[in-house]
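Observations on chain architecture
Here is how the chains run, residue by residue.
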Amino acid sequence: MAKISGIMKLAMVAGPTVVEVVRKFGPTLTKAMKENPEVFRVVQTQVNRMAKARKSGHGSEGLRRRVNILRDQVAYLHASADDARETRHAEEWRRQLDKIDASISVLGAMGKETATREEEHIGKRIDKLSGEILSAFIDEQEEDAQLGRGPGL
């Protein structure tokens, strides 16, 4: 059970939506820790990456690090999609991440006060997507494990 509390601590640093996802998937993660530790490790690694990126700072580079982590998860989700619905979700997340990345690119052209407000807005958009994508990522990891496919990422 110590590892579950550890992933919850990481989730708290990664953001409120990540905390909710980890809380929601607590029983699934506990089961994975016992039955398929590799799946648990992959999820734990992703939450750790998300926490480090969020903690490492704000500004354009910090926001880009967070977007790139989500891009990795979306790439996995797209590659392991089992039906058109999953593919559409992954493609929509990719489009949203592209839009966020474009928003990050123009921060340097803004005044300091405006850029700070926009960074906060972008951070909230990333938080929201983090919850959605991580939730789908955990579901897909569990599904792949049940189907005998190894964990990804």
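These lines cover the structure that appears in this document, whether it is placed above or below. What you are looking at is a predicted structure, and each value in this text was computed from that prediction instead of being measured.

1. Observations regarding the overall build of the protein chain
When helices and strands are counted, the protein chain shows seven helices and zero strands. Listing each helix as α and each strand as β along the protein chain from the N terminus yields α-α-α-α-α-α-α. Against the globule reference of 15 Å for 153 residues, the protein chain gives a C-alpha radius of gyration of 16 Å, in line with a compact fold. When the backbone C-alpha atoms are referred to their principal axes, the protein chain occupies close to 50 × 35 × 20 Å. Here the protein chain holds 153 residues, and the buried ones make up 41% of them. Long-range pairs, those at least 24 residues apart, make up 70% of the contacts in the protein chain with a sequence separation of at least 6. Element-wise, carbon and sulfur atoms account for 54% of the exposed surface of the protein chain, whose accessible area totals about 8,200 Å².

2. Some points on helix H7 (residues 112-146)
Along its 35 residues, H7 runs 50 Å from first to last C-alpha, staying within 8% of the 51 Å computed at 1.5 Å per residue. One or two residues past the end of H7 sits Gly 148, with phi positive at roughly 85°.

3. What to know about the packing of helix H4 (residues 37-55) against H7
Running from amino to carboxyl end, H4 crosses H7 at an angle of 165°, the nearest separation of the two axes being 10 Å. In terms of orientation, H4 lies roughly antiparallel with respect to H7. Handedness of the H4/H7 crossing: right-handed. Facing Val 39, Val 42, Val 43, Gln 46, Val 47, Met 50 and Arg 54 of H4, the residues of H7 in contact are Asp 127, Ser 130, Leu 134, Phe 137, Ile 138, Gln 141 and Ala 145.

About the criteria used
Residues numbered from 1 in each chain as written. Predicted model: local features only at pLDDT ≥ 70, side-chain atom pairs only at ≥ 80, totals over all residues. Heavy atoms only, no water. Helix = DSSP H or I, 4+ residues; strand = E, 2+ residues; numbered from the N terminus. Rg over C-alpha atoms; globule rule 2.2 N^0.38 Å. Buried < 20%, exposed > 50% of the residue type's maximum accessible area, 1.4 Å probe, protein only. Contact = heavy atoms within 4.5 Å. Areas by Shrake-Rupley, 256 points an atom, 1.4 Å probe, with all protein chains shown as cover. Expected span 1.5 Å × (residues − 1). Axes fitted to C-alpha atoms, helices over the stretch in contact; angles between N-to-C directions. Parallel < 35°, antiparallel > 145°, perpendicular 65-115°, else oblique. Left-handed = near helix turned anticlockwise from the far one by under 90°.

That's the geometry; what it means functionally is another story.
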